[in-house]
Amino acid sequence: MKRGRLIAIDGIDLRRVRTAAREAIHAIGASRAGVSHWDSSGVFHELALVRGVAAPRTLLVLYAADLAFRVRWEIAPAIAEGRTVVAAPYVATAMALGRAVGLPAPWMANLLRFAPRPTEARIAESDRASLTRAAGFVSVAYERWAEPAGVDSDALTREIARHLRPRRARR
Amino acid sequence: MRLPIDARNRALRGRVRRHFEQHPRRGLLVAFEGPDGSGKTTQRKLFKTWLVAEGYDVVTTKWNSSDLIKPIIKGRKAARALSPEEFSLLHVADFRCRMDAEVLPALWEGKIVIADRFLFTGLARDAARGLEFDHVLKLYQPLVWPDMVFYFSVSPTTSRTRVAADRVPNFYEAGQDVTDIVDPVESYQRFITRVIREYDSLSNIFNFTTVDAEQGIAEQHQRLRELFREAERRPWSSWNVDAFAEWIATGLPA
């Protein structure tokens, strides 16, 4: 059977990422492709029910736990069936946050090493002002870490945007 | 603008070193490790009572107990929904939360922290589930090395007998997610044998202080007192600079 394709779409604003994913699915054909959404595992949904702060490393570990779930149940099976799966977002969003705050690249690479390399990787452009309104991982990082730690949201957004680049696609 | 996290920051590292060199009573981290049924919780409680009576300020942290992550893990364990990778990552997240909120602030203030299980529990269990040791160890970086690790050593049969005397081991405790054995007690015996093998390796690599947990309770406790008296005189370990520097740089309130 022909191996499926993995299209990674990352970005700061989850709504833009979802829109880009819908457009990608439309272009491919809905019968041949599906989307793997952020927080399919519900980790961040459950996190929202509990008060408390979390450091960026902890948030990245949670991101990885959610992604491990998505790879196991959504991404790997779709690829194995020869389908196309759009991961929205994938690893670049988390890596960008980690780079923006200065976490070591080897640590992040080890953390996300289970994630298969995408066939194609894209970035959904976003407007910086949307950070505090948008749901998604960056917004969680803002609420759980940046705001309690007194980090300016604009500065954080600018840094993440600077580091946001697609993971190298599989040749 | 520079964002605040940078554990390699020289000034921050210098601040950490000075703090621990100059603090009149340095914090101490004491980890209690060992398989279920090894009696470490009994010893941990006795040890804490003794330290408090001696005038020490003592904080206890337990495995899988953070307010933020524990509910997430609990629900998934009940649903038997965790792969070994997810199991590992969520326990790392719980550990990190407790380090940032409980362990590092207490050590910074010069308190004694007693950890009822530390990262070695994650290493032993994850390795027993088939994950690579190096991969798991890196997940726990930046590492904090305890001043003392008391390893309560028992045989797999003793562990199984003690655990199964009170209750049926739960699904993940029995390692049924990886053994494919239907009977929880039988699965526990198989899984704990692997876990103990990993613990024994860790004990050799990281030079744990082994306590023969098949001995009497009073005898073990006396031994812990003696070992503590020897260890508290050691200088502060500069290996932990990175973890403290990152914790300070993160800027979160304790």
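Structure shown above.
Residues numbered from 1 in each chain as written. Chains lettered and ligands numbered in written order. Predicted model: local features only at pLDDT ≥ 70, side-chain atom pairs only at ≥ 80, totals over all residues.

### Side note on the interface of chain A and chain B
- Facing 35 residues of chain A, the contacting portion of chain B comprises 27 residues.
- Breaking the side of chain A that touches chain B down by element, the ones donating at least two residues are helix 2 (43-47), helix 3 (56-80), helix 4 (91-101), helix 5 (105-111), helix 6 (137-149) and helix 7 (153-163) of chain A.
- If one sorts the elements of the side of chain A that touches chain B by residue count, helix 3 of chain A sits on top with 10 residues. (Contact = placed C-beta atoms within 7 Å. Helix = DSSP H or I, 4+ residues; strand = E, 2+ residues; numbered from the N terminus.)

### Some remarks on helix 6 of chain A
Residue and element names in this part refer to chain A.
- A rise of 1.5 Å per residue sets the reference length of helix 6, with its 13 residues, at 18 Å; its end C-alpha atoms lie 17 Å apart and thus fit the reference within 8%.
- In the structure, helix 6 departs most strongly from a straight axis at Glu143, where the bend amounts to approximately 40°.
- Within helix 6, burial applies to Phe137, Val138, Ser139, Val140, Ala141, Tyr142, Arg144, Trp145 and Ala146.
- One or two residues past the end of helix 6 sits Gly150, with phi positive at roughly 75°. (Expected span 1.5 Å × (residues − 1). Bend = angle between axes of the 7 residues up to and from the residue. Buried ≥ 20, exposed ≤ 12 C-beta atoms within 10 Å, placed from the backbone.)

### Notes on the packing of helix 4 of chain A against helix 7 of chain A
Residues and elements named next belong to chain A.
- Orientation of helix 4 relative to helix 7, taken along the N-to-C sense of each, is 120°, at an axis distance of 8 Å. In terms of their interaxial angle, helix 4 and helix 7 are classed as oblique. In terms of crossing hand, the pair formed by helix 4 and helix 7 is right-handed. For the pair helix 4 and helix 7, contact is made by Ala96, Leu97, Arg99 and Ala100 and by Leu156, Glu159, Ile160 and His163, respectively.
- Tallied by class, residues from the contact of helix 4 with helix 7 come to five nonpolar, one polar and two charged. (Axes fitted to C-alpha atoms, helices over the stretch in contact; angles between N-to-C directions. Parallel < 35°, antiparallel > 145°, perpendicular 65-115°, else oblique. Left-handed = near helix turned anticlockwise from the far one by under 90°. Nonpolar A, V, L, I, M, F, W, Y, C, P; charged D, E, K, R; others polar.)

### A short note on the sheet that holds strand 2 (residues 58-62) of chain B
Residue and element names in this part refer to chain B.
- Spatially, 2-3-1-4-5 is the arrangement adopted by the five strands of the open sheet, whose pairing is parallel. Each end of this open sheet is capped by a strand with a single partner; those strands are strand 2 and strand 5 (209-212). When strand polarity is set aside, the average angle formed by the axes of neighbouring strands in this sheet is 20°.
- Bridging between strand 1 (residues 28-33) and strand 3 (residues 112-116) involves five bridges; their strand directions are parallel. If you follow Leu28 over to strand 3, its bridge partner there is Ile112. (Pairing = 2+ DSSP bridges.)

### Quick word on unusual backbone geometry
- Residue A:Ala88 is joined to A:Pro89 through a cis peptide bond whose omega torsion reads 0°.
- Looking at the element boundaries, A:Pro89 is found in the loop between strand 3 (84-88) and helix 4.
- Here B:Gln141 and B:Pro142 are connected by a cis peptide whose omega angle stands at 0°.
- Mapped onto the secondary structure, B:Pro142 falls in the loop between helix 6 (133-139) and strand 4 (148-153).
- Its identity as a non-glycine residue notwithstanding, B:Asn207 has a phi of 60°, on the positive side.
- Within the fold, B:Asn207 resides in the loop between helix 9 (184-206) and strand 5.
- Residue classification places B:Asn207 among the exposed residues on the basis of 10 C-beta atoms within 10 Å.

### Re the nonpolar core
- Counting residues in each nonpolar core, the largest one holds 129 residues, and the members touching the most others are A:Ala64 and A:Ala65.
- In contact with A:Ala65, not counting residues within four places along its chain, are A:Ser41, A:Val43, B:Glu86, B:Leu89, B:Leu90 and B:Ala93. (Core = buried A, V, L, I, M, F, W, Y, C linked by C-beta atoms within 7 Å.)

### Digging into the sheet that holds strand 3 of chain A
All names here are of chain A.
- The parallel open sheet is built from four strands, whose spatial order is 2-3-1-4. Where the open sheet ends on each side, the last strands, each with one partner, are strand 2 (33-37) and strand 4 (120-123). If you compare each strand with its neighbour and ignore which way they point, the axes differ by 20° on average.
- Two elements, strand 1 (residues 5-10) and strand 3, share four bridges in a ladder whose sense is parallel. Paired with Ala8 across the strands is Ala87, a residue of strand 3.
- Packed onto the sheet, helix 1 (residues 14-28) meets strand 1, strand 2, strand 3 and strand 4 and runs at close to 170° relative to strand 3.
- The sheet contacts of helix 3 involve strand 1, strand 2 and strand 3, and relative to strand 3 the element is tilted by about 150°.

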